[in-house]
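Working through the structure, step by step
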Amino acid sequence: MSHPPELTLPVLMLVVFAAAKLFSEIFERLGMPGLVGEILAGVVIGPSLLHWVAPVPILQDLSELGVLFLLFNVGLEVKSSELLKVGGTAFLVAIVGVLVPLGMGWVILRAWGYGQIESIFVGAALVATSVGITAQVLSAKNKLHEKSSQIILAAAVIDDVLGLIVLAVVSSMARGEFRIIDIGLTAVLPIVFMIVMAKWGSHTVSKAVPALQARLRASEAQFHLAIVLLFALSVVSMYTGVAAIVGAFLAGMSLGESVSKRVHTLVHGTTELLVPFFLVGIGLKIDLSVFKDTSMILLTAIILLAAVVSKFVGCGAGALSLGLRDATRIGIGMVPRGEVGMVVAQLGLAMGAVSKPIYGVVVLTALATTLVAPPLLNLAYRQTPAVGD
């Protein structure tokens, strides 16, 4: 597309947002989740097909903002007390949901003839759940207050820490060194941060927000404080070693019971603006050139099947005590890998532990799981009316 340089951002935002909402409308009319259409909009307008838009840095920035606000918005609707109640089950779901994908990924790559380290990296890339997609589906269906939804959210946060530990171990193996102290710190810091925020964050914020608001004169002072906390905890989260989205979620959860409906409305509006850039950004990164090689097509299909089955069976098994229906919902909700799996694969590629073809397979698998999960979640949650219906 040819346009003056000063129009670059408006043109990009116009094309991406309009395409996202057009495809979302089409998919909603077909009875499917609109976010699947928004991801596919990225495939259509991106490098794979029409070449209208490339995954340039500014779109990546908007995408990161989109997923931050998505998890912040979700956190606002979740009570920390309710999340802590399901902590035991969520921890079991997360543990099993790490071990099964790790083992399956390693076995498949070894059976295909790849080396030990590369096989372990692929297994590690299948470990961590990307909660953004599942959270968007559950939020759209007003299902965030159901027990199964809360277990998915809590388990996904725990997954992020466990995935970080696995990545630390695998990276050490790839470098030929194994430092227990570094791995221990990698595990302890994020765990302490999340426990402190989940247990005492809401109480502390409920005291601090009214006191600070009373001293401020801006008409939207409470919203300003909420956004400051969002970015502050995102930064702290990154410094403790976990993804910024974990901090965003914890920030929202801390504020949920202490801010006004007005703040909820403003955050929801900002989320509606930015989330399409996150979803289209996923589609923009899909590289269909991997399908030029028959062997890679078969391997991608097998890895994708393993990615879905390992989380569905593993996480579902960890929640069987809740009954088959909730176990099924939790298993499906833990399927998306998204950006987390891509980060692991990218690190492996940078270290020379993962080859470019395998990197392409892992990235495509991670992105494909974000496409298959929403329709399955739609079916799994169709059996009960939404909260408030």
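Basis of the calculations
Position labels on residues start from 1 in each chain and follow its written sequence. Predicted model: local features are reported for residues with pLDDT of at least 70 only, side-chain atom pairs are reported and counted for 80 or more only, and whole-chain, interface and lining totals are derived from all residues. Side-chain descriptors were evaluated using all non-hydrogen atoms of the structure, hydrogens and water having been removed beforehand. Each helix is a run of H or I in the DSSP string that is no shorter than four residues. Each strand is a run of E no shorter than two, and both are numbered from the N terminus. When accessible area is computed with a 1.4 Å probe and restricted to protein chains, residues below 20% of their type maximum are described as buried, those above 50% as exposed, and intermediate ones as partly exposed. Take the buried Ala, Val, Leu, Ile, Met, Phe, Trp, Tyr and Cys residues and link them wherever side-chain atoms come within 4.5 Å; each set so joined is a nonpolar core. When a carboxyl oxygen of Asp or Glu is within 4 Å of a side-chain nitrogen of Lys or Arg, the pair counts as a salt bridge. Confidence of the predictor at the level of single residues is given by pLDDT, which spans 0 to 100. Whether two residues are in contact is decided by their heavy atoms, any of which lying within 4.5 Å being enough. To obtain each axis, a line is fitted to C-alpha atoms, and for helices this fit is confined to the stretch in contact; angles are then taken between N-to-C directions over 0 to 180 degrees. Each angle gets one of four labels, with under 35 degrees taken as roughly parallel, over 145 as roughly antiparallel, 65 to 115 as roughly perpendicular, and the rest as oblique. If you view the pair so one helix is near and one far, a crossing is left-handed when the near helix is turned anticlockwise from the far one by less than a right angle, and right-handed when it is turned clockwise. In the scheme used here, Gly and all other residues not listed as nonpolar or charged are polar, with Ala, Val, Leu, Ile, Met, Phe, Trp, Tyr, Cys and Pro taken as nonpolar and Asp, Glu, Lys and Arg as charged. In protein, a polar contact means a hydrogen-donor-capable atom and an acceptor-capable atom, both N or O and within 3.5 Å, with residues adjacent in sequence counting only if both atoms are side-chain atoms; elsewhere, any N or O pair within 3.5 Å suffices. Here a pair means two rings of Phe, Tyr or Trp (six-membered ring of Trp) with centres within 6.5 Å. Their orientation is stacked below 30 degrees between planes, edge-to-face above 60, and tilted elsewhere. Geometrically, a lysine NZ or arginine CZ counts as sitting over a ring once it is within 6 Å of the ring centre and also within 35 degrees of the ring normal. A residue counts toward a patch only above 30% relative accessible area and without a salt bridge, and it is joined to like-charged neighbours within 9 Å or, for Val, Leu, Ile, Met, Phe, Trp and Tyr, to nonpolar neighbours within 5 Å. Only the protein chains shown count as cover for residues, with accessible areas throughout obtained via the Shrake-Rupley method and a probe of 1.4 Å.

**Observations concerning the overall build of the chain**
Helix and strand counts for the chain come out as 16 helices and zero strands. Counting every position in the chain, which comprises 389 residues, the buried fraction comes to 53%.

**Let's talk about the nonpolar core**
By size, the foremost hydrophobic cluster in this structure holds 118 residues, and its most contacted members are F72, L153 and F249. With 13 residues, helix α8 (residues 147-175) is the largest single contributor of residues to this core.

**Quick word on the pattern of salt bridges**
One pass over the structure, following the stated rule, counts seven salt bridges. For the salt bridge of K311 with D159, the shortest nitrogen-to-oxygen distance reads 2.8 Å. On the criterion of sequence distance, the pair formed by K311 in helix α13 (residues 294-318) and D159 in helix α8 is long-range, its members being 152 residues apart. Among the residues examined, K311 registers a relative accessible area of 0% and is labelled buried. Put simply, K143, E146, D326 and R329 are held in one network by salt bridges that share partners.

**A few points about helix α6 (residues 116-125)**
In terms of residue burial, α6 counts as a mostly covered element, since eight of its 10 residues are buried. Taken residue by residue, α6 has E118, S119, I120, F121, V122, G123, A124 and A125 as its buried positions.

**A short note on the confidence of the model for the chain**
Mean pLDDT for the chain: 82, with 90% of residues reaching 70 or above. Confidence over residues 385-389 falls short of pLDDT 50; this stretch has five contacts with residues more than four positions distant or in other chains.

**Notes on the packing of helix α2 (residues 34-45) against helix α16 (residues 356-380)**
Angle between the axes and distance between the axes: these two values describe a pair of packed helices. One can describe the packing of α2 onto α16 by two numbers: an axis separation of 9 Å at closest approach and a directional angle of 160 degrees. Here α16 runs roughly antiparallel to α2, going by the angle between their axes. Where α2 crosses over α16, the two elements pack in a sense that is left-handed. Contacts between α2 and α16 involve L35, V36, I39 and L40 from the first element and T370, L371, P374 and P375 from the second. Each residue belonging to the contact of α2 with α16 can be placed in one class, and the counts come to seven nonpolar, one polar and no charged.

**Some words on the side chain of E146**
The residue E146 is located in the loop between α7 (131-140) and α8 in this model. Among the residues examined, E146 registers a relative accessible area of 17% and is labelled buried. A polar contact is formed between the side chain of E146 and the side chain of R329, at a distance of 3.1 Å.

**A look at the packing of aromatic side chains**
Within the structure shown, the criterion is met by three aromatic pairs. Ring centres of F69 and F72 lie 6.5 Å apart, and the angle between their planes is 90 degrees; on these two criteria the pair is classed as edge-to-face. Pair noted here: F69 and F72 are both in helix α3 (residues 57-76), with a separation of three residues, about one helical turn. Considered together, F69 and F72 belong to a single accessibility category, that of buried residues. Between F69 and F231, the aromatic rings sit 6.3 Å apart at their centres with planes inclined by 80 degrees, giving edge-to-face as the arrangement. Linking F69 in helix α3 with F231 in helix α10 (residues 221-240), this pair joins segments that are 162 residues apart in sequence. A residue is classified by how much of its surface remains accessible, and F69, at 5% relative accessible area, is buried. The class for F231 is partly exposed, based on a relative accessible area of 34%. Three or more aromatic residues link up through ring pairs in this structure, and these residues are F69, F72 and F231. Note that R329 overlies the ring of Y381, its terminal NZ or CZ placed 4.5 Å from the centroid.

**A few points about a nonpolar patch on the surface**
Together, L49, L50, W52, L288, F291 and I297 line one region of the surface with nonpolar side chains, adding up to about 540 Å² of accessible area. By the element assignment, I297 lies in helix α13.

**Overview of the environment of R110**
Here R110 lies in helix α5 (residues 87-111). Residues R110 and I120 lie 10 residues apart in sequence; the distance between their C-alpha atoms is 9.0 Å.

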